[in-house]
Amino acid sequence: MKRLTGRGLTPLDTSFIIHSKEIDIDGGYTIETDMKILATALTDKSCIVERLQLHYFSLQVTEFLEALKSEKCTLKTLHLYENKLTEEHARELAGVLRENTSIETVILNECEIDCAAAKALAVGLEGNDTLRTMNLWDNHIQDEGGRALAEALKKNNALQTLNLWGNQIGDEGAKEFADLLRVNHSLRDLIFVYNKIGDDGGDELVDALELNEGIRNLDLFGNPLDQAIITDVYCMINNPSRSYYEGGLNKGEEGGFSENTTLEAPPTIDKSCFPILGGMHAADTESTASPTGVGELSACCWTEAVAS
């Protein structure tokens, strides 16, 4: 990945950006001119950028937002970290998600996203048929924001991975996602690590899994749950007789789930958007050791008791 750090952008950087597949830009003391230069590069007919990583950048520059919406946009991954996303910023990003047809992964780590911002962002998920992964790790979404995301995903058949690691989501939020899992069969990985989900929310999620043919990784590590619930989740997801939905439509829609569709093994998970603990990704399905001593059953939930 090519990096531009420690200074503002200049017109001389345009060619460098255009001819790079991956760009990491540390804004530092970003000004509006920087975003306009970036927008010029992204809309150039020769631009090949597929991954853009921005640190401390403004999302309120019209030219940049229009560049992301442009048919010329080649981005597949938009990684914004430690960019404070207010409700207004999230609304602008939602507008991008409604119009962009190339971005498959959005990473919003530590962006101080609160309930209001999550609600605004959720609007961009409704009907989006391109985005496959959204990482909202370590924000402040809470139950209310979670409810908005879950409602939006009832109208989304494309998203496969949603990482809500460390978002203060409790039982009420878990119940909203349980309702989602009863009707959405395209979501594959749902990460609730280090939230506040208790037994009531956990029971709802277990109940929803009985009706869901899509989820292959429901990670509840670090929540105040009874061990029996963790075990139930693991056993249900890893039941060899379980059928899995395949395709871009939900069950009941033309071309969607078939009762005879089964998988030999879960597909490889793109772990690039997951936070790392002790050198191992949270979604690591291959490692036989973890910083918590969980062992090889981490494909679903990290827990020693299941292994025993």
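Residue positions within a chain follow its written sequence, with the count starting from 1. Local features in this predicted model are restricted to residues whose pLDDT is 70 or higher, and side-chain atom pairs enter the listing and the counts only when it is 80 or higher, whereas totals over whole chains, interfaces and linings include all residues. The basis for the side-chain values is all heavy atoms of the structure; hydrogens and waters are excluded.

Honestly, the packing of helix α6 (residues 142–153) against helix α7 (residues 171–181) in this entry has me stumped. Any pointers?
Each pair of packed helices can be summarised by the angle the axes make with each other and by the distance between the axes. The geometry of α6 relative to α7 is characterised by a closest axis approach of 8 Å and an angle of 5 degrees between their N-to-C directions. As far as their axial angle goes, α7 and α6 are roughly parallel. Within the contact between the two elements, α6 uses Asp143, Gly146, Arg147, Leu149, Ala150, Glu151 and Leu153 and α7 uses Asp171, Glu172, Gly173, Glu176, Phe177 and Leu180. The residue makeup of the contact of α6 with α7, split by class, is 5 nonpolar, 2 polar and 6 charged. Each axis is a line fitted through C-alpha atoms, taken for helices only over the stretch in contact, and angles between the N-to-C directions span 0 to 180 degrees. Each helix is a run of DSSP H or I of at least 4 residues and each strand a run of E of at least 2, with the numbering of both proceeding from the N terminus. Every angle not falling under 35 degrees, over 145, or within 65 to 115 is termed oblique; those three ranges are roughly parallel, roughly antiparallel and roughly perpendicular. Should any heavy atoms of two residues lie within 4.5 Å, those residues are counted as being in contact. When residue character is reported, Ala, Val, Leu, Ile, Met, Phe, Trp, Tyr, Cys and Pro are called nonpolar, Asp, Glu, Lys and Arg charged, and the others, Gly included, polar.

Looking at this model, I keep getting lost on the packing of aromatic side chains. Mind explaining?
The geometry of an aromatic ring pair comes down to the distance between the two centres and the angle between the two planes. Whether two aromatic rings pair depends on their centres lying within 6.5 Å, for rings of Phe, Tyr and Trp, where Trp uses its six-membered ring; planes under 30 degrees apart make the pair stacked, over 60 edge-to-face, and the rest tilted. Scanning the model with the defined rule gives 3 aromatic pairs in all. With 5.8 Å between their ring centres and 70 degrees between their planes, tryptophan 165 and tyrosine 194 make a pair best called edge-to-face. Of this pair, tryptophan 165 sits in the loop between β7 (161–163) and α7 while tyrosine 194 sits in the loop between β8 (189–191) and α8 (199–209), and the two are 29 residues apart along the sequence. Relative to phenylalanine 192, the ring of phenylalanine 177 lies with its centre 5.3 Å away and its plane at 75 degrees, an arrangement referred to as edge-to-face. One end of the pair, phenylalanine 177, is in helix α7; the other, phenylalanine 192, is in the loop between β8 and α8, and 15 residues separate them in sequence. Exposure classes here rest on a 1.4 Å probe applied to the protein chains alone. A residue is buried below 20% of its type maximum, exposed above 50%, and partly exposed in between. You can call phenylalanine 177 buried: its relative accessible area is 0%. Look at phenylalanine 192 and you get buried, because its relative accessible area is 0%. Put simply, the rings of Trp165, Tyr194 and Phe221 touch in pairs and so form one group of aromatic residues.

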